[in-house]
Amino acid sequence: MDSATMGEQVMAGFQKLGFIQFTGIEGVDYASGRNVVRMAAKPEHFNHNGDVHAALLFGLAETAAMGASISGIVDLLGDTFIVARDGRIEYLARAKGEASPFLATAELTADVIEQTRANIQSRTEIELEVPVSITDSTGKAVAKAAFTAVIRPRRK
């Protein structure tokens, strides 16, 4: 299965979630070790300053991170249980509503993907940190984040 088809399938699964429907998050780019998602801000997403609410930026980053965490192991998902254990975010600049849409990019190295695949195949639990950057429509960095994805064997 090619990366575009995989990305469409992953985003189709995400699109079933109410939070994703509310935010309007959509897939932009998907490949092994990489997930880019976009959110076009709507008035209901703004805080009292006209900026995108911080919780929505956190959710955008988490969506990118979890998509990247499964990007190189889609064929092994039937054998795994994946969950975000924690996340942290640093807001670098205002996410002004007029600077929409916002892009969240999460990337993992080929070595991390290879090790993750090996751990799944040997039924070994793994935790990986997935870094994320969020930019506005001008390319300005508005936040950086990191999430820990826990990937463990599915109980039989």
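Above this text sits the structure in question.
In this text the structure is predicted, and so the values were computed from the model without any measurement.

Q: Now, about the overall build of the protein chain: what can you tell me, with residues and values included?
A: When its secondary structure is counted, the protein chain shows four helices and six strands. Listed N to C, the secondary structure of the protein chain is α-α-β-β-α-β-β-α-β-β in terms of helices and strands. The C-alpha atoms of the protein chain give a radius of gyration of 16 Å, which matches the 15 Å a tight globule of 156 residues would have. Each principal axis of the C-alpha atoms in the protein chain carries an extent, and together these give about 50 × 25 × 25 Å. Looking at the protein chain as a whole, 42% of its 156 residues are labelled buried. By sequence separation, contacts in the protein chain at least 24 residues apart represent 68% of the contacts at least 6 residues apart. As displayed, the protein chain has an accessible area near 8000 Å², and 52% of this comes from carbon and sulfur atoms. If you average the places of the 16 positive and of the 19 negative side-chain charges in the protein chain, the two averages end up 4 Å apart.

Q: Talk me through helix α4 (residues 110-121); I want residue IDs and the actual numbers.
A: Under the 1.5 Å per step criterion, the end-to-end length of α4 is 17 Å for 12 residues, consistent within 8% with the ideal 16 Å. Buried residues along α4 sit against β3 (80-91), β5 (126-135) and β6 (141-153).

Q: Which residues make up unusual backbone geometry, and what values go with them?
A: For the bond from Ser100 to Pro101, the omega torsion is 5°, close enough to zero to count as cis. Positive phi values are uncommon outside glycine, yet Arg123 reaches one of about 60°. As for its placement among the helices and strands, Arg123 is situated in the loop between α4 and β5.

Q: So what's going on with the pattern of salt bridges? Residues and values would help.
A: A side chain of one charge can pair with a side chain of the opposite charge if their charged atoms are brought near each other. All told, the structure shown has nine salt bridges when counted by the stated rule. Across the pair Asp75 and Arg117 runs a salt bridge, and its minimum N-O distance is 2.8 Å. You can see Asp75 sitting in the loop between α3 (54-70) and β3 and its partner Arg117 sitting in helix α4, a full 42 residues away along the chain. Overall, the relative accessible area of 56% leaves Asp75 in the exposed class. You can call Arg117 partly exposed: its relative accessible area is 22%.

Q: Break down the side chain of Ser100 for me, with residues and values.
A: Inspection of the secondary structure puts Ser100 in the loop between β3 and β4 (102-107). Of the polar contacts made by the side chain of Ser100, one reaches the backbone nitrogen of Ala41; its length is 2.7 Å. Beyond its immediate stretch of four places on either side in the chain, Ser100 contacts Met39, Ala40, Ala41 and Ser137.

Q: With reference to specific residues and values, describe the packing of aromatic side chains.
A: Summed over all chains, the structure comprises one aromatic pair. Ring geometry for Phe58 against Phe147: centres 5.1 Å apart, planes inclined by 65°, an arrangement best described as edge-to-face. Of this pair, Phe58 sits in helix α3 while Phe147 is found in strand β6, placing the two residues 89 residues apart along the sequence.

Q: With reference to specific residues and values, describe the pairing of strand β1 (residues 26-31).
A: Across five bridges, the pairing between β1 and strand β2 (residues 34-39) is antiparallel. The residue of β2 that forms the bridge with Asp29 is Val36. Adjacent in sequence and paired antiparallel, β1 and β2 are bridged by two residues, among which Gly33 carries a positive phi angle near 85°.

Q: Give me the environment of Pro101: which residues, what numbers.
A: When you line up the elements, Pro101 lands in the loop between β3 and β4. Take Pro101: its relative accessible area is 30%, and that puts it in the partly exposed class. On a C-alpha basis, the gap between Pro101 and Gly72 in space is 26 Å, while along the polypeptide they are 29 residues apart. Here Pro101 is in contact with Arg38, Met39, Ala40, Thr135, Asp136 and Ser137, once residues within four sequence places are set aside.

Quick notes on the rules
- Positions within a chain are numbered from 1, following the residues in the order the chain's sequence is written.
- Totals for whole chains, interfaces and linings use all residues, but because this is a predicted model, local features are given only for residues with pLDDT of at least 70 and pairs of side-chain atoms are given and counted only at 80 or more.
- Side-chain descriptors were evaluated using all non-hydrogen atoms of the structure, hydrogens and water having been removed beforehand.
- Helix and strand definitions follow DSSP, with helices as H or I runs of at least four residues and strands as E runs of at least two, each counted in order from the N terminus.
- Throughout, the radius of gyration refers to the C-alpha atoms, and the reference size of a globule is 2.2 Å times the residue count to the power 0.38.
- Here the term buried applies to any residue with accessible area under 20% of the maximum for its type, exposed to any over 50%, and partly exposed to those in between, with areas from a 1.4 Å probe on protein chains only.
- Whether two residues are in contact is decided by their heavy atoms, any of which lying within 4.5 Å being enough.
- The protein chains shown are the only cover counted for residues, whose accessible areas, like all others here, come from Shrake-Rupley with a 1.4 Å probe.
- Under the counting rule used here, the positive set is Lys and Arg, the negative set is Asp and Glu, and His together with the chain ends is not counted.
- In plain terms, the charge of a residue is placed at NZ if it is Lys, CZ if Arg, CG if Asp and CD if Glu.
- Take the residue count of a helix, subtract one, and multiply by 1.5 Å to get its expected span.
- Salt bridges are defined as contacts in which a side-chain nitrogen from Lys or Arg sits within 4 Å of a carboxyl oxygen from Asp or Glu.
- Two N or O atoms count as a polar contact when they lie within 3.5 Å, although within protein this holds only if one can serve as hydrogen donor and the other as acceptor, and sequence-adjacent residues are included solely when both atoms are side-chain atoms.
- Pairing of aromatic side chains here covers Phe, Tyr and the six-membered ring of Trp, requires ring centres within 6.5 Å, and sorts the geometry by plane angle: under 30 degrees stacked, over 60 edge-to-face, intermediate tilted.
- Two strands qualify as a pair provided DSSP detects at least 2 bridges between them.

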